[in-house]
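The lines below spell out each chain.
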Amino acid sequence: MDEAAIVLVAITGTVALFIILPGMILHYVTLWRRQKTLQPDDERMLEDLWRSAKAMERRIETLEALLEKNEADAPRRPPRPTRSTFED
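First things first, this report covers the structure right here in the doc. (Residues numbered from 1 in each chain as written. Predicted model: local features only at pLDDT ≥ 70, side-chain atom pairs only at ≥ 80, totals over all residues. Heavy atoms only, no water.)

Topic: a negative patch on the surface
For step 1, the next point in the chain: A grouping of Glu61, Glu64, Glu68 and Glu71 is seen on the molecular surface, where their side chains present a negatively charged patch.
For step 2, the next point in the chain: Of note, Glu71 is situated in helix α2 (residues 40–73). (Patch = residues over 30% accessible without salt bridge, like charges linked within 9 Å, V, L, I, M, F, W, Y side chains within 5 Å. Areas by Shrake-Rupley, 256 points an atom, 1.4 Å probe, with all protein chains shown as cover. Salt bridge = Lys/Arg side-chain N within 4 Å of Asp/Glu carboxyl O. Lys, Arg positive; Asp, Glu negative; His and termini not counted. Charge placed at Lys NZ, Arg CZ, Asp CG, Glu CD. Helix = DSSP H or I, 4+ residues; strand = E, 2+ residues; numbered from the N terminus.)

Focus on the pattern of salt bridges
For step 1, the next point in the chain: As enumerated under the stated definition, the model contains four salt bridges in all.
For step 2, the next point in the chain: Residue Glu57 is joined to Lys54 by a salt bridge in which the shortest nitrogen-to-oxygen separation is 3.7 Å. Pair noted here: Glu57 and Lys54 are both in helix α2, with a separation of three residues, about one helical turn.
For step 3, the next point in the chain: In this structure Glu57 comes out as partly exposed when scored by relative accessible area, which is 38%.
For step 4, the next point in the chain: Taken together, the shared-partner salt bridges in this structure form one network comprising Glu47, Asp48 and Arg51. (Buried < 20%, exposed > 50% of the residue type's maximum accessible area, 1.4 Å probe, protein only.)

Quick notes on the packing of aromatic side chains
For step 1, the next point in the chain: Taken as a whole, this structure holds zero aromatic pairs when the rule is applied.
For step 2, the next point in the chain: The ring of Trp32 carries Lys36 above its face, with NZ or CZ at 4.8 Å from the centroid. (Phe/Tyr/Trp six-rings, centres within 6.5 Å; stacked < 30°, edge-to-face > 60°. Lys NZ or Arg CZ within 6 Å of the ring centre and 35° of its normal.)

Points about helix α1 (residues 3–36)
For step 1, the next point in the chain: Between its first and last C-alpha, α1 extends 49 Å over 34 residues, near the 50 Å set by a 1.5 Å rise per residue.
For step 2, the next point in the chain: Along its length, α1 reaches its greatest deviation from straightness, about 40°, at Ala16. (Expected span 1.5 Å × (residues − 1). Bend = angle between axes of the 7 residues up to and from the residue.)

Here's the deal with the layout of surface pockets
For step 1, the next point in the chain: Size it by volume and the largest pocket reaches roughly 160 Å³.
For step 2, the next point in the chain: Lining the largest pocket we find Leu67, Asn70, Glu71, Ala74, Pro75, Arg76 and Arg77.
For step 3, the next point in the chain: Grouping the amino acids of the lining of the largest pocket by side-chain chemistry returns three nonpolar, one polar and three charged. (1 Å grid on protein atoms, 1.4 Å probe; cavity = no way out; pocket = protein on both sides within 12 Å on 5 of 7 lines; lining within 4 Å. Points joined across faces, edges and corners; volume = space filled by probe spheres on them. Nonpolar A, V, L, I, M, F, W, Y, C, P; charged D, E, K, R; others polar.)

Written out as structure tokens, the structure is:
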């Protein structure tokens, strides 16, 4: 290789090592820090999920109360037979 090619490789390597590489690292660190916090859309989605979960919890509690009341009012069934009633 001639001297001009060596100088070109050295300059390219130096620029890549001291300018491009730290620039890429800082770029991705900035993106990572920005993504650590919740975006407004994420906050809205979490709030909607929280409301839905609370509504489902109230519905389940209501259903459980209705089932308990229904069980208390219903007469007791006789126990199931332990043996099969079908003939083999």
